[in-house]
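Coordinates in review
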Amino acid sequence: MIASKGYAAKQPKAILAPWNFERREVGPHDVQFDILFCGVCHSDLHQVNDEWAPGIFPMGPGHEIVGKVVKIGSAVSKFQTGDLAGTGCMVDSCRTCDNCKTGLEQYCINGGSFTYNGVEQDKKTPTYGGYSNTIVVHEDFVFRISEKLSLAAVAPLLCAGITTYSPLKYWKVGKGHRLAVLGLGGLGHMAVKFGVAFGAEVTVLSTSPGKEADAKKLGAHKFVLTSNPESIKETTGYFDFILDTVSADHDINFYMSLLRTNGVHICVGIPPKPAEIPAFTVVGNRRSLVGSMIGGLPETQEMLDYCATHNIVSDIEMINIKDIQKSYDRMLKGDVRYRFVIDMSTL
Ligand code: NAP
Ligand code: ZN
Ligand code: ZN
């Protein structure tokens, strides 16, 4: 086994603290890479706090992982030592179901292996994430990373990037569409960048007046403060799509009233409490309420390559791993500009 170190929550809602654990030895198809940077996703906070379902503890979070390959298995063909590498929200899947066979590993019918708070395909060995010094992953679930971009700013593409890229592609959002991005945080700011790159008219719907200038800098065409009844009223029936990245409880029915006929509200944010949606919300104006989870392997590599070609990265604030708890507190207040990334040399 490989002696490893990182930060973990020993039990639900615990303060993250240093811990030592073991990774498996590098198997024939595995890649071991030393982690240089790891993004901090709101999903980390939801799961440490057991907000979705009972988690597996100790929990070492982190699924926006980038670093440098230090060892490869005998059958690995995609990587050599010294290469840049990245892993997102998944480390394995069954590979045999219809979804896995069509590049939709995130919807693996037999249950995929998530990077942390999950189990390997043996259905019993727990997985531990990227708030750590090194990781061993099957090469299929390791992505190639361009040398062209700032590595720390690439890390958030592995979750925030693909989670917003994938639904915009699936629903073919682009030229001629009015897209609202609800919530300007980690996912939201990537959604603005992709929406603009795909040619849509992008409006940020935000609860934070202080984010207007940033929204414009990110390329958004419009900014609407959702707490201002006058300006929000003007957008009633206006949007073709709303990409909802909000992490906390909010009234989806209200936001769906901002959609035009046949408009689509896409949930990617996963608030802890279930929403109450009267049938009237979707019956009126034939609106759709849909959702999307991260992206599959081919699409994630496609997104990374697209970002390298178009010079797209995340706007980040680098942190020392000792400040992880402070970053969680700030994330809860919506005070993220726009993704915390842990500099793993501080571990
Ligand atoms: P984040 O950086 O904390 O951003 C969330 C944003 O939501 C905040 O910055 C804030 O933006 C807005 N917000 C917060 N509370 C709100 C409230 N009560 N009402 C309205 N808006 C509110 O979080 P994130 O990392 O982007 O993640 C967002 C959500 O997506 C989380 O629930 C996360 O678990 C989920 N997620 C899902 C997937 C997936 O595959 N579907 C993948 C990754 C993450 P403003 O200040 O602009 O209002
Ligand atoms: Zn995430
Ligand atoms: Zn599968």
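If you're wondering where the values come from, they're calculated on a predicted model, not measured in any experiment. (Residues numbered from 1 in each chain as written. Chains lettered and ligands numbered in written order. Predicted model: local features only at pLDDT ≥ 70, side-chain atom pairs only at ≥ 80, totals over all residues. Heavy atoms only, no water.)

**Considering the coordination of the zinc ion (ligand 3)**
- Within the protein, Cys 94 (SG), Cys 97 (SG), Cys 100 (SG) and Cys 108 (SG) serve as the donor atoms for the zinc ion (ligand 3), at 2.3 to 2.4 Å.
- The coordination sphere of the zinc ion (ligand 3) comprises four donor atoms, whose angles at the metal cover 103 to 122 degrees; the geometry is tetrahedral.
- Along the chain, the residues that donate to the zinc ion (ligand 3) are spaced as C-x2-C-x2-C-x7-C.
- On the accessibility criterion, Cys 100 (7% relative accessible area) is buried. (Donors = N, O, S within 2.8 Å, 3.2 Å for Na, K, Ca; no water. Tetrahedral: all angles 85-135°; square planar, octahedral: opposite > 155°, others 65-115°. Buried < 20%, exposed > 50% of the residue type's maximum accessible area, 1.4 Å probe, protein only.)

**A short note on empty space enclosed by the protein**
- One pass over the structure, following the stated rule, counts two cavities of 30 Å³ or more.
- When its volume is computed, the largest cavity comes out at roughly 110 Å³.
- Around the largest cavity, the lining comprises 14 residues; the ones closest to its centre are Cys 89, Met 90, Phe 143, Gly 295 and Thr 300.
- Looking at side-chain class alone, the lining of the largest cavity contains eight nonpolar, five polar and one charged residues.
- Of the pockets and cavities examined, the second largest cavity occupies roughly 40 Å³.
- In this structure, the second largest cavity is lined by Arg 144, Ile 145, Ser 146, Leu 149, Val 154 and Leu 304. (1 Å grid on protein atoms, 1.4 Å probe; cavity = no way out; pocket = protein on both sides within 12 Å on 5 of 7 lines; lining within 4 Å. Points joined across faces, edges and corners; volume = space filled by probe spheres on them. Nonpolar A, V, L, I, M, F, W, Y, C, P; charged D, E, K, R; others polar.)

**What to know about the coordination of the zinc ion (ligand 2)**
- Summarising the metal site, the zinc ion (ligand 2) is bound by the protein donors Cys 41 (SG), His 63 (NE2) and Cys 159 (SG), whose distances to it range over 2.0 to 2.2 Å.
- For the zinc ion (ligand 2), the single-chain donor residues occur in sequence as C-x21-H-x95-C. Within this pair, whereas Cys 41 is found in the loop between strand S3 (30–39) and helix H1 (42–48), its partner Cys 159 is found in the loop between helix H3 (151–154) and helix H4 (160–170), the two being separated by 118 residues in sequence. The pair Cys 41 / Cys 159 is uniform in exposure class, with both members buried. (Helix = DSSP H or I, 4+ residues; strand = E, 2+ residues; numbered from the N terminus.)

**Focus: the site of ligand 1**
- Close contacts around ligand 1 come from 30 residues, with Ser 206, Thr 207, Ser 208, Lys 211 and Arg 339 the closest.
- A distance of 2.5 Å separates an oxygen atom of ligand 1 from a polar side-chain atom of Ser 208.
- Ile 294 places a polar main-chain atom, nitrogen or oxygen, 2.8 Å from an oxygen atom of ligand 1.
- Relative to its unbound accessible surface of 920 Å², ligand 1 loses 91% to contact with the protein.
- Looking at the shell around ligand 1, the elements with two or more residues in it are H1 and helix H5 (186–197).
- Looking at side-chain class alone, the shell around ligand 1 contains twelve nonpolar, 15 polar and three charged residues. (Near = heavy atom within 4 Å. Polar contact = N/O pair within 3.5 Å; in protein donor to acceptor, adjacent residues only side chain to side chain. Areas by Shrake-Rupley, 256 points an atom, 1.4 Å probe, with all protein chains shown as cover.)

**What about the layout of surface pockets?**
- Looking at the second largest pocket, its volume works out to about 250 Å³.
- Lining the second largest pocket are 17 residues; nearest its centre among them are Ile 252, Pro 271, Lys 273, Pro 274 and Ala 275.
- The residue inventory of the lining of the second largest pocket, partitioned by class, reads nine nonpolar, three polar and five charged.

**Remarks on H5**
- Here H5 contains twelve residues, and its C-alpha end-to-end distance of 17 Å stays within 8% of the 16 Å for a straight helix at 1.5 Å per residue.
- For H5, the tally of buried residues reaches ten of twelve residues, placing the bulk of the element in the interior.
- Restricting attention to buried positions, one finds in H5 the residues Gly 186, Leu 187, Gly 188, His 189, Met 190, Ala 191, Val 192, Lys 193, Phe 194 and Gly 195.
- On its buried face, H5 is in contact with H4, strand S10 (178–182), strand S11 (201–206), strand S13 (239–244), helix H10 (297–310) and strand S17 (339–343).
- Positioned one or two residues after H5, Gly 199 has a phi angle of 95 degrees, which is positive. (Expected span 1.5 Å × (residues − 1). Contact = heavy atoms within 4.5 Å.)

**What about a nonpolar patch on the surface?**
- A grouping of Leu 104, Tyr 107 and Met 293 is seen on the molecular surface, where their side chains present a nonpolar patch of about 230 Å² in accessible area.
- On the secondary structure map, Tyr 107 appears in the loop between helix H2 (98–101) and strand S7 (113–114).
- Under the relative-accessibility criterion, Tyr 107 is labelled partly exposed at 33%. (Patch = residues over 30% accessible without salt bridge, like charges linked within 9 Å, V, L, I, M, F, W, Y side chains within 5 Å. Salt bridge = Lys/Arg side-chain N within 4 Å of Asp/Glu carboxyl O.)

**Quick look at the packing of aromatic side chains**
- Using the criterion set out here, one finds eleven aromatic pairs in the structure.
- Summarising the aromatic geometry, the rings of Tyr 165 and Phe 194 are spaced 5.3 Å apart at their centres and angled 75 degrees between planes, so their arrangement reads as edge-to-face. Of this pair, Tyr 165 sits in helix H4 while Phe 194 sits in helix H5; the two residues are 29 residues apart in sequence, bridging distant segments of the chain.
- By relative accessible area, which is 1% here, Tyr 165 ends up buried.
- Here Tyr 165 and Phe 198 contribute two aromatic rings whose centre-to-centre distance is 5.7 Å and whose plane-to-plane angle is 70 degrees, an arrangement assigned as edge-to-face. Taken as a pair, Tyr 165 in helix H4 and Phe 198 in the loop between H5 and S11 lie far apart in primary sequence, 33 residues in all. Residue Tyr 165 shares its accessibility class with Phe 198, and that shared class is buried.
- Members of the aromatic cluster, each reached through a chain of ring pairs, are Tyr 165, Phe 194, Phe 198 and Tyr 306.
- Here Lys 169 stacks its cationic end above the ring of Phe 198, 5.0 Å away from the centre of that ring. (Phe/Tyr/Trp six-rings, centres within 6.5 Å; stacked < 30°, edge-to-face > 60°. Lys NZ or Arg CZ within 6 Å of the ring centre and 35° of its normal.)

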